[in-house]
Amino acid sequence: MESSLCSRCSTIPVKLFQPGNYTHEISVPDSVFPVPEATASQDCRLCVLLVDAIENEGHSVRESSRGTVLKLQALCKRKGDLEYHAIDSESEHTKAIGVWIGGTKICHLRFELGSEESATDGYSRRELRRTADDPSNFELIGTWLAVCMKQHNDCTVNLVSDLTLPARLIDVRPEENGVDLKLVVTANQNQQLRHGYAVLSHCWGPNTGGMLKATKANLAELQREIKWESLSKTFQDAIEITRKLNIRGKGIRYLWIDSLCILQDDLNDFEREGTAMHKTYSMATCTIAASSSTSGQGGCIIPRDNTSSYQLQPCHLTSNKQSIIIHPWSHEWSNAHRGALSTRGWCFQERELSRRTIHFTTHRIFWECRTAIASEDHPSMINVQPLQIGRASCR
């Protein structure tokens, strides 16, 4: 059934949902409402989705926002378009509406096209797997990595001029009989490091007494072997994830974890390596984020909870017997779904510095790089770069 729209949203042209560079502007709704209560009311369905999306990204929509102009632009991309991502097939374009306030892209709303008869059939998406470590999820992550490394120029640019590697890394697949893991000095690993390294972004938690840390006393032992049973669940999961990452048929062999790669009782080492963490994250092939874990025992691969206190319904539009189904942002990408890690200031810095971040949450896996975002259930990459000035518009 077609959703009712307010006078503002009813002016949105069909062209906005077609591949091209069209933009359309509407103002923030005069009446701002609590989103959950609005789902059962007769409020404009598209306004509900827009407010929900903006609020989920931390931008308050209040009385003072009246008159603020939202710029909407189609992010439908076809093969040959500048922002086309090869993960999409010829027939399945990346379909989304980008939402800007001023020159800043706030969020996007995905949509799909269908016949009027199919508008009530629900919407297509990749089904969430029962566990995060399902083999098909790692195939998907491998595709994201390959597309990003091949097509995203901004993700391959070094943000730092000094390309000195961190002093130590964890070798997750050492070529030694009987040795499962060990700490290595990067100066001795130049040849093996050609496929890069991963880093872990995680919360230490309030009680770190049981967390394995590198010290002057145990450094030599850790360089011989790291005992699996001495590691927290988060560290174990990060190591298993690193072992399963595959880029063009090559695996990532090395992982950086702060507490194991920086000597925690050596002030000189801590100052040298700690102050270089911005380089460590920005130079890494990818960042593994234990996004829903509040401590070392939480892990990256954790029981899934895909329940929700409320669920917004899609907005159904119909034009010339073709249906347009616009889906809620909160089902796919929000601070709530990204988990506890997104609320920590230093983890925000790690996320901003990283080329590519793979978020492991209780809900789903998220992909985030300098160019695009995606999720386990909506794997097509959506461009997140700023709106280009001077594009054609329809008002």
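Residues numbered from 1 in each chain as written. Predicted model: local features only at pLDDT ≥ 70, side-chain atom pairs only at ≥ 80, totals over all residues. Heavy atoms only, no water.

A look at the overall build of the protein
Scanning the protein from terminus to terminus reveals 11 helices and 17 strands. Buried positions account for 52% of the 395 residues belonging to the protein. Residue pairs at least 24 apart in sequence account for 73% of intrachain contacts in the protein once pairs closer than 6 positions are excluded. With the model as given, the accessible surface of the protein reaches about 18,000 Å², and the carbon-plus-sulfur share is 48%. (Helix = DSSP H or I, 4+ residues; strand = E, 2+ residues; numbered from the N terminus. Buried < 20%, exposed > 50% of the residue type's maximum accessible area, 1.4 Å probe, protein only. Contact = heavy atoms within 4.5 Å. Areas by Shrake-Rupley, 256 points an atom, 1.4 Å probe, with all protein chains shown as cover.)

A few points about the sheet that holds strand E15 (residues 365-369)
To summarise the sheet geometry, strands pair through backbone hydrogen bonds and adopt either a parallel or an antiparallel arrangement. An order of E6-E5-E10-E7-E11-E14-E15-E16-E17 is seen for the 9 strands of this open sheet, with the pairing classed as mixed. Two strands in the sheet have a free side with no partner beyond their single neighbour: strand E6 (182-185) and strand E17 (382-383). The strands touched by helix H3 (residues 135-151) within the sheet are strand E11 (286-290), strand E14 (356-360), E15 and strand E16 (372-375), with E15 carrying the most contacts at an inclination of about 10°. (Pairing = 2+ DSSP bridges. Axes fitted to C-alpha atoms, helices over the stretch in contact; angles between N-to-C directions.)

With respect to helix H2 (residues 45-56)
Taking 1.5 Å of rise per residue, the 12 residues of H2 would be expected to cover 16 Å, and the 17 Å separating its terminal C-alpha atoms lies within 8% of that figure. In terms of burial, H2 is a largely internal element, 11 of the 12 residues being buried. Within the span of H2, buried status applies to Arg-45, Leu-46, Cys-47, Val-48, Leu-49, Leu-50, Val-51, Asp-52, Ala-53, Ile-54 and Asn-56. (Expected span 1.5 Å × (residues − 1).)

So, the nonpolar core
If you look at soluble globular proteins, the nonpolar side chains tend to sit buried side by side. Counting residues in each nonpolar core, the largest one holds 60 residues, and the members touching the most others are Ile-141, Ile-170, Leu-245, Ile-288, Phe-360 and Trp-367. The leading source of residues in this core is H3, at 7 residues. For Phe-360, the contacting residues outside a window of four places in its chain are Ala-132, Ile-141, Ile-241, Ile-288, Ala-289, Ala-290, Ser-291, Ser-292, Cys-300, Ile-301 and Ile-365. In terms of nonpolar packing, the next biggest core, distinct from the first, is built from 26 residues, Ile-26, Leu-50, Cys-107 and Leu-312 among them. (Core = buried A, V, L, I, M, F, W, Y, C linked by side-chain atoms within 4.5 Å.)

Notes on the pattern of salt bridges
Counted by the stated rule, this structure contains 11 salt bridges. For Arg-253, the salt bridge is made with Asp-171, and the minimal N-O distance between the two is 2.9 Å. With Arg-253 in the loop between strand E9 (250-251) and strand E10 (254-256) and Asp-171 in strand E5 (residues 168-171), the pair connects residues that are 82 residues apart, well separated along the chain. Accessibility assignment for this pair places Arg-253 and Asp-171 in one class, buried. A salt bridge links Glu-376 to Arg-304; the shortest N-O distance between them is 2.6 Å. Linking Glu-376 in the loop between E16 and E17 with Arg-304 in the loop between E11 and strand E12 (315-319), this pair joins segments that are 72 residues apart in sequence. (Salt bridge = Lys/Arg side-chain N within 4 Å of Asp/Glu carboxyl O.)

Re the environment of Leu-49
Mapped onto the secondary structure, Leu-49 falls in helix H2. Leu-49 sits 266 residues away from Cys-315 along the chain, and the two C-alpha atoms are 7.9 Å apart. Setting aside chain neighbours within four positions, we find Leu-49 in contact with Leu-109, Leu-312, Gln-313, Cys-315, Ile-326, His-327 and Pro-328.

As for the side chain of Gln-236
With respect to the element layout, Gln-236 can be found in helix H6 (residues 233-244). Here Leu-231 takes part through its backbone oxygen, which lies 3.4 Å from a polar atom of the side chain of Gln-236. In contact with Gln-236, not counting residues within four places along its chain, are Trp-228, Glu-229 and Leu-231. (Polar contact = N/O pair within 3.5 Å; in protein donor to acceptor, adjacent residues only side chain to side chain.)

Quick word on the pairing of strand E2 (residues 69-74)
Across the 6 residues of E2, 5 count as buried, placing the element largely inside the fold. Taken together, the 5 bridges between strand E1 (residues 23-27) and E2 define a ladder with antiparallel strand orientation. Its bridge partner lying in E2, Glu-25 is registered against Lys-71. Here 5 bridges tie E2 to strand E3 (residues 96-101), and the two strands are oriented antiparallel to one another. Residue pairing across strands places Ala-74 opposite Ile-97, the latter belonging to E3.

Considering the confidence of the model for the protein
Mean pLDDT for the protein: 77, with 73% of residues reaching 70 or above. Every residue in residues 32-41 scores below 50 in pLDDT, and together they form 18 contacts with partners more than four places removed in sequence or on other chains. This model gives residues 79-93 a pLDDT under 50, and the stretch forms 31 contacts once residues within four places in sequence are excluded. (pLDDT = per-residue confidence, 0-100.)

Let's talk about H6
Here H6 spans 17 Å end to end across 12 residues, near enough to the 16 Å set by a 1.5 Å rise per residue. Residues of H6 that are buried include every one of Thr-234, Phe-235, Gln-236, Asp-237, Ala-238, Ile-239, Ile-241 and Thr-242, and no others. Elements in contact with the buried residues of H6: H3, strand E7 (197-201), E10, helix H7 (258-261), E11 and E14.

Some remarks on the packing of aromatic side chains
For any pair of aromatic rings, the description consists of the separation of the ring centres together with the inter-plane angle of the planes. With the rule as written, the count across this model stands at 2 aromatic pairs. Ring centres of Trp-144 and Trp-367 lie 5.8 Å apart, and the angle between their planes is 40°; on these two criteria the pair is classed as tilted. Of this pair, Trp-144 sits in helix H3 while Trp-367 sits in strand E15, and the two are 223 residues apart along the sequence. With relative accessibility at 0%, the residue Trp-144 sits in the buried group. (Phe/Tyr/Trp six-rings, centres within 6.5 Å; stacked < 30°, edge-to-face > 60°.)

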